[in-house]
There are 2 protein chains.
Amino acid sequence: MSDKTNKNLKEAGLKATLPRIKILEILQRTSGTEDHFTAEEIYKELVLNNYDVGLATVYRVLTQFENARIVVKHQFESNKSVYELNDPLNHDHMVCVDTGETTEFYDEEIKNKQREIAAKHGYELLDQSIVLYVKKVKK
Amino acid sequence: MSDKTNKNLKEAGLKATLPRIKILEILQRTSGTEDHFTAEEIYKELVLNNYDVGLATVYRVLTQFENARIVVKHQFESNKSVYELNDPLNHDHMVCVDTGETTEFYDEEIKNKQREIAAKHGYELLDQSIVLYVKKVKK
DNA sequence: ATGCTTGCAAACGGTTTGCACGTGT
DNA sequence: ACACGTGCAAACCGTTTGCAAGCAT
């Protein structure tokens, strides 16, 4: 674990410091659980684990991770950002308007259609974001 | 113009006050030009036209318009919101990463696929947002 | 040793709010 | 007349930054 973590950081040109390692571990630990953390949540998690970082450091590290393509930043609610480990597949999200719960999905057909649409307007598709606002169907 | 405007406001349960009328006019005047305004831009436009509103009022009015489904709010850049008149068709946007220019598009096939995907996860699709980040293809 | 990193506190920028005054119906 | 709307300035809150001290290499 630490070996791989250190390598990830090295490759990104970032020194393997404690805050960075701890933050990366939190992100990895919850990877696949469809969890998306705010900087504040990561900060509190660190404090809970008896590791006192500054909130500013969490922001700085997350920004560095974003630039290094280690994490991806989303904005499901308009006033705060959430982060998750980068998924090379680049999945999308649906957010339950009642509970805030997020579900991930991936659809190749939509991606193709998007590239097509961009091309039709003389553009090349660099990146993309879909957010579905949904609610549970009651049976 | 004013007649229709007043009716729109009435229907939303909003008194036809000067700030509201002026803001609605600005939004209508640029409708279809693929322009999306920040609260600040609308505020400055009003001041330019020699009508002094408070920026706070612009925000309040835009929020009321959003609740009344008269306008839609988007977040193309993470730190500021932009507003445009509500389009019943609910079009989507591509944003040029170089110029910030936005282009609107609509694709029924993608919408259908989205409803399908939501349903597959036991959800009903209430709303949706697609943003394509693109750059001009150089010929 | 040296330059990247960190923590703290202060600054920032977009947005919201409290309050006393103004305006539409 | 009365409730609703407005302007102003201050508060808010997530995020960023300057700076002096700390750590990885």
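See above for the structure.
Residues numbered from 1 in each chain as written. Chains lettered and ligands numbered in written order. Predicted model: local features only at pLDDT ≥ 70, side-chain atom pairs only at ≥ 80, totals over all residues. Heavy atoms only, no water.

Draft legend 1. Representation of the packing of helix 3 (residues 39–48) of chain B against helix 4 (residues 55–67) of chain B within the structure. Residues and elements named next belong to chain B. Following both chains from N to C, one finds helix 3 and helix 4 inclined at 120 degrees, their axes separated by 9 Å at the closest point. Taken together, the axes of helix 3 and helix 4 are oblique relative to one another. In terms of crossing hand, the pair formed by helix 3 and helix 4 is right-handed. Each of A39, E40, I42, Y43 and L46 in helix 3 lies in contact with helix 4, whose residues at this interface are L55, V58, Y59 and L62. The residue makeup of the contact of helix 3 with helix 4, split by class, is eight nonpolar, no polar and one charged. (Axes fitted to C-alpha atoms, helices over the stretch in contact; angles between N-to-C directions. Helix = DSSP H or I, 4+ residues; strand = E, 2+ residues; numbered from the N terminus. Parallel < 35°, antiparallel > 145°, perpendicular 65-115°, else oblique. Left-handed = near helix turned anticlockwise from the far one by under 90°. Contact = heavy atoms within 4.5 Å. Nonpolar A, V, L, I, M, F, W, Y, C, P; charged D, E, K, R; others polar.)

Draft legend 2. Representation of the sheet that holds strand 4 (residues 102–105) of chain A in the model. On the basis of which strands lie adjacent, the open sheet formed by six strands has the order 4(A)-3(A)-5(A)-5(B)-3(B)-4(B) and mixed pairing. Each end of this open sheet is capped by a strand with a single partner; those strands are strand 4 of chain A together with strand 4 (102–105) of chain B. When strand polarity is set aside, the average angle formed by the axes of neighbouring strands in this sheet is 25 degrees. Against the sheet, helix 5 (residues 108–120) of chain A contacts strand 3 (92–96) and strand 5 (123–136) of chain A together with strand 3 (92–96), strand 4 and strand 5 (123–136) of chain B, and its axis sits at roughly 135 degrees relative to strand 5 of chain A. Packing against the sheet, helix 5 (residues 108–120) of chain B makes contact with strand 3, strand 4 and strand 5 of chain A together with strand 3 and strand 5 of chain B, and its axis sits at approximately 135 degrees to strand 5 of chain B. (Pairing = 2+ DSSP bridges.)

Draft legend 3. Layout of the environment of S81 of chain B. Residues and elements named next belong to chain B. Considering the arrangement of structural elements, one finds S81 in strand 2 (residues 80–85). S81 sits 42 residues away from A39 along the chain, and the two C-alpha atoms are 7.7 Å apart. Dropping the residues within four chain positions of it, S81 is found in contact with F37, T38, A39, K73, H74 and Q75. At a separation of 2.4 Å, a polar atom in the side chain of S81 contacts the side chain of Q75. (Polar contact = N/O pair within 3.5 Å; in protein donor to acceptor, adjacent residues only side chain to side chain.)

Draft legend 4. Region of interest: the relation of the copies chain A and chain B. The operation relating chain A to chain B is a screw motion whose rotation component is 180 degrees, with 0.0 Å of axial translation and a residual RMSD of 0.1 Å. Interpreted geometrically, this transformation is the action of a two-fold axis. For chain A, the minimum C-alpha distance to the rotation axis belongs to I130 of chain A and amounts to 2.2 Å. Both copies share a contact surface, since 100% of the interface residues of chain A are interface residues in chain B too. (Least-squares fit on C-alpha atoms with pLDDT ≥ 70 in both.)

Draft legend 5. How the structure looks around the protein's contact with DNA strand D. In the region of DNA strand D, 20 residues are neighbours, and Y59 of chain A together with T17, R20, T57 and R60 of chain B sit closest. Here DNA strand D approaches the protein such that, of its atoms within 4 Å, sugar and phosphate make up 70%. In the model, a phosphate oxygen of DNA strand D is placed 3.1 Å from a nitrogen or oxygen of the G54 of chain B main chain. Measuring from a phosphate oxygen of DNA strand D, one finds a side-chain N or O atom of T57 of chain B at 2.4 Å. Residue assignment for the surface near DNA strand D shows that the elements contributing at least two residues are helix 4 (55–67) and strand 2 (80–85) of chain A together with helix 2 (18–29) and helix 4 of chain B. If one sorts the elements of the surface near DNA strand D by residue count, helix 4 of chain A sits on top with four residues. For the surface near DNA strand D, the class distribution of residues is seven nonpolar, five polar and eight charged. (Near = heavy atom within 4 Å.)

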